[in-house]
Amino acid sequence: MLFMLGIDSAISFMEAFLTVLHDTKLFHNVDRKRASLVLAACSFLLSTLYATDVGLVFLDSVDYYINFVIILVGFVKCVAAGWVYKIETQIECLGSKIVFVYITTTFGSVLLACAMWFGVGNAAAGFFGLVISYVMGIAYVGYLMSKKKQEDPSLTWSDMLFVLTMSNVMKLREDLVSSVGHIPVAWAFLIRHFIPQVLLILFFLGADATTIDEEGNEVKVFGSYGGYATTYQVLGILTVVFAGFLVVSSLVLPKLYEALETVDETEKSVDKNTIDEIEMEERKKVETTGSVQLSKGELA
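Right, let's walk through the structure included here. (Residues numbered from 1 in each chain as written. Predicted model: local features only at pLDDT ≥ 70, side-chain atom pairs only at ≥ 80, totals over all residues. Heavy atoms only, no water.)

1. Some thoughts on the overall build of the protein chain
- Counting its secondary structure elements, the protein chain contains 12 helices and two strands.
- Each helix (α) and strand (β) of the protein chain, taken in turn from the N terminus, gives the series α-α-α-α-α-α-α-α-α-α-β-β-α-α.
- Going through the 300 residues of the protein chain one by one, you find that 23% of them count as buried.
- For the protein chain, the accessible surface area stands at approximately 20,000 Å², while carbon and sulfur atoms represent 69% of it. (Helix = DSSP H or I, 4+ residues; strand = E, 2+ residues; numbered from the N terminus. Buried < 20%, exposed > 50% of the residue type's maximum accessible area, 1.4 Å probe, protein only. Areas by Shrake-Rupley, 256 points an atom, 1.4 Å probe, with all protein chains shown as cover.)

2. Some thoughts on the environment of Leu 190
- Examined against the element boundaries, Leu 190 turns out to sit in helix α9 (residues 185-193).
- We classify Leu 190 as partly exposed; its relative accessible area is 34%.
- Separated by 112 residues in the primary sequence, Leu 190 and Cys 78 place their C-alpha atoms 9.3 Å from one another.

3. Brief notes about the layout of surface pockets
- Roughly 940 Å³ of internal volume is contained in the largest pocket.
- Sort the elements by how many residues they give to the lining of the largest pocket and helix α1 (residues 2-22) lands first, with eight residues.
- Of the residues assigned to the lining of the largest pocket, the class counts are 16 nonpolar, six polar and one charged.
- Estimated volume of the second largest pocket: approximately 480 Å³.
- Taken together, 17 residues line the second largest pocket, and the ones lying closest to its centre are Phe 75, Val 76, Val 79, Val 247 and Leu 251.
- A total of eight residues in the lining of the second largest pocket trace back to one element, the largest contributor, which is helix α3 (residues 55-84).
- Grouping the constituent residues of the lining of the second largest pocket by class yields 16 nonpolar, no polar and one charged. (1 Å grid on protein atoms, 1.4 Å probe; cavity = no way out; pocket = protein on both sides within 12 Å on 5 of 7 lines; lining within 4 Å. Points joined across faces, edges and corners; volume = space filled by probe spheres on them. Nonpolar A, V, L, I, M, F, W, Y, C, P; charged D, E, K, R; others polar.)

4. What about empty space enclosed by the protein?
- As enumerated under the stated definition, the model contains two cavities of 30 Å³ or more in all.
- Within this model, the largest cavity holds a volume of roughly 50 Å³.
- Forming the walls of the largest cavity are Leu 18, Leu 21, His 22, Phe 27, Val 30, Arg 32 and Ala 35.
- Top contributing element to the lining of the largest cavity by residue count: α1, with three residues.
- For the lining of the largest cavity, the per-class residue count stands at five nonpolar, one polar and one charged.
- In this structure, the second largest cavity encloses a volume near 30 Å³.
- Contributing to the lining of the second largest cavity are Trp 83, Ile 87, Gln 90, Val 99, Tyr 102, Ile 103, Leu 164 and Arg 192.

Honestly, it's all geometry; don't read function into it.
In structure tokens, the structure reads:
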């Protein structure tokens, strides 16, 4: 039963990956059977690492560092949904300076607090830095908004505050309701003002965690997990580095991933029509060839 469960899980992972891959411009014309064969072969070769005598050590090490990747991916998703989605509308209404100062204030204050909590090791200083930096940043945002209101008297404070703090995530909520049903307003608030900040703190908290080694010394778990050799630590850390590279590179050099952009429905329909036309031509050729051969047989 466990064997079948493992196979079912592997199939679900492969199917999800193939579906995403097949929706991209680069691979949407690739035969699905061939793509499945290549993916299965690559997965098999990579998984042989875990079938060796040290496979359990590799698995344990990578599994620990994968937790950081999950937190990082969750943070990026929350930022994309709660802060980046429809940000152009916020910029159009309030201006880029107000929007980006507010974003910097929100996450900059959390980063400063994490540096004090986990870098310096002073909890009181961390809370103090969090509050002071956030209040100062919000005060500056308020100053910028007052100047914006003077430039455009038609704007009200309530409208500007709503646009700055909740408009984009509420728009996302409206767009999703038609597909998934009712979504509470609390979801929109949490996805923007609570969850990403907590995930950021959890990431640094995990990186700062300590343990006692065999000699009785207190060491960081990150980089020395389980007392395993450096090779296993590097392999696990590279998973975190790779995930971070994907996030940063997509922001700095988005052109790197142009080939992985999804194909819109019009292109899919055009491709499907082209394939149908080719299949029809091939069928006509087969039918023509068959009829010619039949005529020759009758003449003979």
